[in-house]
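# Architecture at a glance
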Amino acid sequence: MSPIMLVLPILCPLIGGLIVLRLHAQTVRRFAVVGIMVAQLASLIPTLLHDIPTLTLLTLTESVRIVLQADAVSRLFAVLISLIWLFVAIFAFEYMTHEKNRERFFSFYLITLSALIGVCFSGNLITLYMFYEMMTLCSFPLVLHTGTKKAVAAAWRYLTYSVAGAALGLLGWFVLQGYCSTDLFTAGGMLDTAAAMENRELLLGVFLVMIIGFGCKAGMFPLHAWLPIAHPEAPAPASAVLSGLITKMGILAIIRVTYFIFGWEFLIGTWAQTAVLVLALTTIFMGSTLALRENILKKRLAYSTVSQVSYVIFGLMLMDATAMEGALFQAIFHALAKNTLFMAAGALIFKTHKTLVSDLRGVGRVYGITMWCFTLSSLSLVGIPPTGGFAAKWMLAQGAMESGVGTLGYVGIGILMLSALLTAGYLLSIVTNGFFPGADFQAEGIFEKKTTPLMWIALCSLTVAALVLGMFPDIVRPAVQAVVNSLF
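Let me begin by describing the structure that accompanies this report. Counting restarts for each chain: residues are numbered from 1 in the order of the written sequence. Local features in a predicted model are, by the rule used here, given only for residues with pLDDT of at least 70; side-chain atom pairs are given and counted only at 80 or more, and totals for whole chains, interfaces and linings are based on all residues. Think of the side-chain values as coming from all heavy atoms in the structure, minus any hydrogens and water.

## Some remarks on the overall build of the protein
When you go through the protein residue by residue, the secondary structure sums to 20 helices and two strands. Between the two quantities, the radius of gyration covers C-alpha atoms and the globule rule is 2.2 Å times the number of residues to the power 0.38. Computed over its C-alpha atoms, the radius of gyration of the protein comes to 22 Å, within 12% of the 23 Å expected for a compact globule of 488 residues. Relative to its full complement of 488 residues, the protein shows a buried share of 61%. Put simply, 82% of the contacts in the protein that link residues at least 6 apart link residues at least 24 apart. Values of accessible area rely on a 1.4 Å probe in the Shrake-Rupley scheme; residue burial ignores everything except the protein chains shown. Of the roughly 17200 Å² that the protein leaves accessible, carbon and sulfur atoms contribute 67%. Helix and strand assignments follow DSSP, with helices taken as H or I runs no shorter than four residues and strands as E runs no shorter than two, numbered in order from the N terminus. Each residue is placed in one exposure class: buried if its accessible area under a 1.4 Å probe, protein chains only, is under 20% of its type's maximum, exposed if it is over 50%, and partly exposed if it falls in between. Any two residues having at least one pair of non-hydrogen atoms within 4.5 Å are treated as being in contact.

## Some points on the pairing of strand E1 (residues 55-59)
Of the pairings in the sheet, the one linking E1 to strand E2 (residues 65-68) comprises four bridges and is antiparallel in character. Bridge pairing in E2 places Thr59 opposite Arg65. At least two bridges found by DSSP between two strands are what make those strands a pair. In this structure, the hairpin formed by E1 and E2 is closed by a connection of five residues.

## A look at the nonpolar core
Within soluble globular proteins, side chains that are nonpolar generally end up buried alongside one another. Here, the term nonpolar core denotes a set of buried Ala, Val, Leu, Ile, Met, Phe, Trp, Tyr and Cys residues that are joined through side-chain atoms within 4.5 Å. Within the largest apolar cluster, 182 residues are counted, with the highest numbers of intra-cluster contacts made by Met249, Ile255, Phe262, Leu316 and Met317. For this core, the leading source of residues is helix H14 (residues 321-352), giving 19 residues. Setting aside chain neighbours within four positions, we find Phe262 in contact with Leu176, Gly188, Gly189, Leu191, Leu203, Val206, Phe207, Met210, Val257 and Leu267.

## Some details on the packing of helix H3 (residues 72-95) against helix H10 (residues 236-262)
Lines fitted to C-alpha atoms define the axes, with helix axes restricted to the stretch in contact, and inter-axis angles between N-to-C directions lie between 0 and 180 degrees. Put simply, H3 and H10 touch, their axes get as near as 9 Å, and they point 170° apart. With respect to each other, H3 and H10 are oriented roughly antiparallel. On the side of H3, the interface is formed by Val73, Ser74, Phe77, Ile81, Ile84, Trp85, Val88, Phe91, Ala92 and Tyr95, while H10 contributes Ala236, Pro237, Ala240, Val241, Leu245, Lys248, Met249, Ile251, Leu252, Ile255, Arg256 and Phe260. Broken down by class, the residue content of the contact of H3 with H10 amounts to 19 nonpolar, one polar and two charged. An angle below 35 degrees is read as roughly parallel, one above 145 as roughly antiparallel, one from 65 to 115 as roughly perpendicular, and any other as oblique. Lys, Arg, Asp and Glu make up the charged group, whereas Ala, Val, Leu, Ile, Met, Phe, Trp, Tyr, Cys and Pro make up the nonpolar group; the residues left over, Gly among them, are polar.

## Considering the pattern of salt bridges
Any carboxyl oxygen of Asp or Glu within 4 Å of a side-chain nitrogen of Lys or Arg constitutes a salt bridge here. In total, this model carries six salt bridges according to the counting rule given. Residues Glu103 and Arg29 are paired through a salt bridge, measuring 3.9 Å at the closest nitrogen-oxygen approach. Residue Glu103 is found in helix H4 (residues 102-120), and its partner Arg29 is found in helix H2 (residues 26-49); the two are separated by 74 residues along the sequence. The exposure classification of Glu103 matches that of Arg29, with both residues buried.

## Structural notes on a nonpolar patch on the surface
Together, Val464, Val468, Met471, Phe472 and Ile475 make up a nonpolar patch on the protein surface, roughly 460 Å² of accessible area in all. Inspection of the secondary structure puts Val464 in helix H19 (residues 453-471). Since its relative accessible area comes to 46%, Val464 is described here as partly exposed. The patches reported here contain residues having more than 30% relative accessible area and no salt bridge. Joining distances are 9 Å for like charges and 5 Å for nonpolar side chains (Val, Leu, Ile, Met, Phe, Trp, Tyr).

## Describing the packing of aromatic side chains
Between 30 and 60 degrees the pair is tilted, below 30 it is stacked and above 60 it is edge-to-face, where a pair is any two Phe, Tyr or Trp rings, Trp via its six-membered ring, whose centres lie within 6.5 Å. This structure, assessed with the given rule, holds 17 aromatic pairs. Here Phe91 and Tyr95 contribute two aromatic rings whose centre-to-centre distance is 5.8 Å and whose plane-to-plane angle is 20°, an arrangement assigned as stacked. Of this pair, Phe91 and Tyr95 both sit in helix H3, four residues apart, roughly one helical turn. You'll find Phe91 and Tyr95 in the same group, each marked buried. Counting every residue linked through ring pairs, the aromatic cluster contains Trp85, Phe93, Phe105, Phe106 and Tyr109. Geometrically, a charge over a ring is one whose NZ (Lys) or CZ (Arg) sits within 6 Å of the ring centre while staying within 35 degrees of the ring normal. A cation sits over an aromatic face here: Lys217 above Tyr132, 5.6 Å from the ring centre. Sitting above the plane of the Phe260 ring, Arg256 keeps its charged end 4.7 Å from the centroid.

Dropping the structure here:
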């Protein structure tokens, strides 16, 4: 199979985005967006069925080249992103009818997908950095789309934090030049063991800096502050992919750094591993606590993302096969649940024009489909069986006990359980208030009934996916285990 097949999933949404910018007729634009994304999904099929050779796109110097390659990690994330991106686009068709500059929104929406797929198929750190920065620059207009002062301020904060975080990741590349035996991502690590062991403490410090940098996009403390600012100001479809999918590119970068550059055997049992575990657990608890106190609906969901994505980082840093499997399941099910929650929040705001949690009393009586999707996705985030979140959190807890990190593993289990209770508090309180407003509640004159079939299609599809995959996790387990088996 020709290596050019690695380029097609990147080029398809990139060229499509440029075309959509010139399509002003709504119906034509909708069909074009769907067609482009279906074609992009189809272009992924050869990468799933065949081992495609590494492709060097550009050689700048002997040690600096732009390289694409496909492995189990890239395949898992590329398919996850592409499928959910399509359903969020269907939701956006209806949601964006009350927004201006729709051509610009869908153009950058597609181009951003191109950058994410580029991150997935990056073959080395310099290529990952290039697409990572492209992802930030292309998603920047999605955040500032409304053009309000708050949106502009939020977009600049997003840009500043993201560029600074990626720069920390790039800094590691300069230091690592003299310690790597290859520039290609390699399962088990790229380090020359003899040279690396001579300066192990320096390299552990570099590892910590790189994880903090790439952890910015994943919303990990201390570079998390952009996330609860950017999400409330962006249109709901942009908030959904920012929270549910773009954060996963931070996770993917952390996987590459930990398992493909340094290698878990070089890191396990070190102070650097402990430091990242502590940062992840701090973020989990902090995000849940802040979400519980927040009254702005989308901001509450943003703080939830800060907490939930760090579950994945915690699992990755345990450096255990079971924990790794749980982390990947958590990444999948968080993507499904959080995209659904942000779309449901957007649908409620679209229909009611209310942005505060306290103003949503009785909303379930009028918008039952939307609130049921919100409810089931909330249960998945909490970790209630048979939703997918339960399977992920169970494996994370099991991995924490088996990983050999000692007391920190048990502390981690305790924080995961406490965070689950806090998650139930800040999400299910919305559900109970929405469905059970009290005997004195009168819906007439408070909420206007609106029919939104495209929104319902997107919401119900992702909700059903979370439930079905939760009950039958073996559907996605082969893809997850392919990643785990390649690393352990």
